[in-house]
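Examining the three-dimensional arrangement
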Amino acid sequence: MNEDVEPQSGYTSPPPGVPVKELRFRLPNLPEVRQFAEDEARAVGMPEEAVGDFVIAVNEVATNAVTHGAGRAAMRTWVISGDLVVEVHDEGSWKPGPLPGAVGGMGLWVARLLSSDFTLRVGSGGSTVIMRFPGKG
């Protein structure tokens, strides 16, 4: 996992010319986030057995964004070399966790395990998680 205090300019942006889909959401919109994620996974030909784990990872990060961030967030997706990249950004500040013995606070840990690449960027502009998942099987 890559954790930086301040994002580098342009680091989280997709390459120029790559189509990007975006969804802005709040806590009540999490079912829409999961459906959006599932639709994106299937659109890139992600193997059916991987779609469930993908949706879980996206849901964990999106839930963190709207419950621990500023209450609203944005998700962007794009494809690079057949892989699906998901970026979730909120304007809140990231807090380390989970604490020893905690029964919650493991969403980012779960997402990191389920993705092939995971980057967490935090700074004065908010928190951004970028995950990469293999597309076609």
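Further up the page is the structure itself.
Let me sum up the structure you'll find in this document. Nothing here was measured: the structure is a model prediction, and the numbers come from that model. (Residues numbered from 1 in each chain as written. Predicted model: local features only at pLDDT ≥ 70, side-chain atom pairs only at ≥ 80, totals over all residues. Heavy atoms only, no water.)

Some words on the overall build of the chain
Of the regular secondary structure elements, the chain holds 3 helices and 6 strands. When the helices and strands of the chain are read in sequence order from the N terminus, they spell out β-β-α-α-β-β-α-β-β. Here the contacts in the chain between residues at least 6 apart in sequence split such that 67% fall between residues at least 24 apart. Per element, the accessible surface of the chain, about 7,500 Å² overall, is 54% carbon and sulfur. (Helix = DSSP H or I, 4+ residues; strand = E, 2+ residues; numbered from the N terminus. Contact = heavy atoms within 4.5 Å. Areas by Shrake-Rupley, 256 points an atom, 1.4 Å probe, with all protein chains shown as cover.)

Examining the nonpolar core
Soluble, globular proteins show a tendency: their nonpolar side chains are buried together. With 31 residues, the main nonpolar core has F25, F54, M75, V86 and M131 as its most contacted residues. For this core, the elements supplying multiple residues, two or more each, are β2 (21-26), α1 (30-43), α2 (48-68), β3 (72-80), β4 (83-90), α3 (107-114), β5 (117-123) and β6 (126-133). Residue contributions to this core peak at 9 residues, all from α2. When sequence neighbours within four positions are dropped, the list of residues in contact with V86 reads F54, V58, M75, R76, T77, V129, I130, M131 and F133. (Core = buried A, V, L, I, M, F, W, Y, C linked by side-chain atoms within 4.5 Å. Buried < 20%, exposed > 50% of the residue type's maximum accessible area, 1.4 Å probe, protein only.)

Details of the side chain of T77
For T77, the location among the structural elements is in strand β3. Its relative accessible area of 3% is what places T77 among the buried residues. At a separation of 2.9 Å, a polar atom in the side chain of T77 contacts the side chain of E40. If we skip the residues at most four places from it in the chain, T77 touches P19, V20, K21, F36, E40, L84, V85 and V86. (Polar contact = N/O pair within 3.5 Å; in protein donor to acceptor, adjacent residues only side chain to side chain.)

Thoughts on the pattern of salt bridges
Counted according to the given criterion, the structure contains 7 salt bridges. Taking the shortest distance from any N to any O, the salt bridge between E22 and R24 comes out at 3.1 Å. Note on E22: relative accessible area 42%, which makes it partly exposed. Owing to a relative accessible area of 62%, R24 belongs among the exposed residues under this scheme. Of the charged contacts in the structure, one is a salt bridge between R72 and E91, with a shortest N-O distance of 3.5 Å. Here the residue R72 occupies a position in strand β3, and E91 occupies one in the loop between β4 and α3, the gap between them amounting to 19 residues. Classification of R72 by relative accessible area gives partly exposed; the value is 41%. One network of salt bridges, with partners in common, ties together E38, R42 and E48. (Salt bridge = Lys/Arg side-chain N within 4 Å of Asp/Glu carboxyl O.)

Here's the deal with the pairing of β3
Here β2 pairs with β3 via 6 bridges, running antiparallel. Opposite F25, over in β3, you have A73 as the bridge partner. Here 8 bridges tie β3 to β4, and the two strands are oriented antiparallel to one another. Bridge pairing in β4 places R76 opposite E87. Linkage of β3 to β4, two consecutive antiparallel strands, is achieved through a turn of 2 residues, within which S81 is found at a positive phi near 50°. (Pairing = 2+ DSSP bridges.)

Describing the side chain of S115
Tracing the backbone shows S115 in the loop between α3 and β5. One polar contact links the side chain of S115 to the main-chain carbonyl oxygen of R112, over a distance of 3.5 Å. Residues contacting S115, with those up to four places away along its chain left out, are M131, R132 and F133.

Function cannot be inferred from these measures alone, as they are strictly geometric.
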